[in-house]
Amino acid sequence: MAEQIEIIVPTNWQDVTLKSYQKYVSKIGDLKKDDEIIIHSISSLCNIPLKVVKLLKVNDIKTIYKNLSKLISLPINKQVINKIELNGVRYGFHPSLDELTMGEFVDLDEYSKEGVDGLHYILSILYRPIIEEEGSLYKIEPYTDHHINNAKHFENLSIDTINGVMVFFYNLGSKCLMSSQNFLQRLVENQAQEVSTDGLVS
């Protein structure tokens, strides 16, 4: 008797985790043949091993991919969600990116080089546990290296929840606001000004 295989095809982006999306993007970008794109899309977005997909009947593959195509055509949320809950912990998005510490900046710059593969690390830097909250206002934990340890948890968030951060972060980078050269230049200028005035306000 043939083994029954249950395949759950996501119908909206809330059903797709960041981990699945990263797998999907990293695989699809290098593929040229339609059949390879189809089987890798099914494997990534339906979260089933590639070897299992290859055992499916052609008609079943066509049906599954037709449904996946509907998902892929759907818009993804582009708004940053300021507060999220993950494993019972409430996280807040960095409330003031103009006040990034050097540690935050260096790590964001490093992980942004990995593209979508580094997004869970970026999220662990920008989303940190809320320590004070009043209405829509909140304060998050000061950044330390240990926050990177939360990165794996963010892989389980839906892509719809965190896509707004991807869009926001991309736009931020495109405006050179995250350019290390510009950042360091401003830092040097500020330090030079402090030295020239001997720390006194004119």
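To start, this report covers the structure provided alongside it. Computed from a prediction, not measured in an experiment: that's the story for all the values here. (Residues numbered from 1 in each chain as written. Predicted model: local features only at pLDDT ≥ 70, side-chain atom pairs only at ≥ 80, totals over all residues. Heavy atoms only, no water.)

Let us look at the pairing of strand 3 (residues 127-134). As paired strands, strand 2 (residues 89-93) and strand 3 are joined by three bridges and run antiparallel to one another. Of the residues in strand 3, the one forming a bridge with F93 is Y127. Sheet topology note: the strand 3/strand 4 (residues 137-140) ladder contains four bridges and is antiparallel. In the strand pairing of strand 4, I130 is matched with I140. (Pairing = 2+ DSSP bridges. Helix = DSSP H or I, 4+ residues; strand = E, 2+ residues; numbered from the N terminus.)

Counting 44 residues, the largest nonpolar core has I42, L123, Y127 and F154 as the members making the most contacts within it. No other element matches the five residues that helix 6 (residues 119-126) contributes to this core. Not counting the four nearest positions on each side in its chain, I42 is found in contact with N47, I48, V53, I61, I64, Y65 and L68. (Core = buried A, V, L, I, M, F, W, Y, C linked by side-chain atoms within 4.5 Å. Buried < 20%, exposed > 50% of the residue type's maximum accessible area, 1.4 Å probe, protein only. Contact = heavy atoms within 4.5 Å.)

This next bit is on the packing of aromatic side chains. A ring pair, where both rings are aromatic, is described by two values, the distance of the centres and the angle of the planes. Inspection of the entire model under this criterion finds six aromatic pairs. Aromatic pair Y91 and F154: ring centres 5.4 Å apart, planes at 70 degrees, arrangement edge-to-face. Linking Y91 in strand 2 with F154 in helix 7 (residues 151-154), this pair joins segments that are 63 residues apart in sequence. As far as the burial class goes, Y91 and F154 line up, both buried. With a centroid separation of 6.3 Å and an interplanar angle of 25 degrees, the aromatic rings of Y127 and F154 are classed as stacked. You can see Y127 sitting in strand 3 and its partner F154 sitting in helix 7, a full 27 residues away along the chain. In terms of burial, Y127 and F154 fall into one category: buried. A connected cluster of aromatic rings, assembled from ring pairs, spans Y91, F93, Y127 and F154. (Phe/Tyr/Trp six-rings, centres within 6.5 Å; stacked < 30°, edge-to-face > 60°.)

Across all of its chains, the model carries six salt bridges by this definition. The residue E133 makes a salt bridge to K83 at a minimum N-O spacing of 2.7 Å. Here E133, found in strand 3, pairs with K83, found in strand 1 (residues 83-86); they are 50 residues apart in sequence, far enough to count as distant. Overall, the relative accessible area of 39% leaves E133 in the partly exposed class. For E132, the salt bridge is made with K139, and the minimal N-O distance between the two is 3.8 Å. Owing to a relative accessible area of 46%, E132 belongs among the partly exposed residues under this scheme. Judged by relative accessible area, which is 43%, K139 ranks as partly exposed. Through salt bridges that share partners, K83, R90 and E133 make up one connected network. (Salt bridge = Lys/Arg side-chain N within 4 Å of Asp/Glu carboxyl O.)

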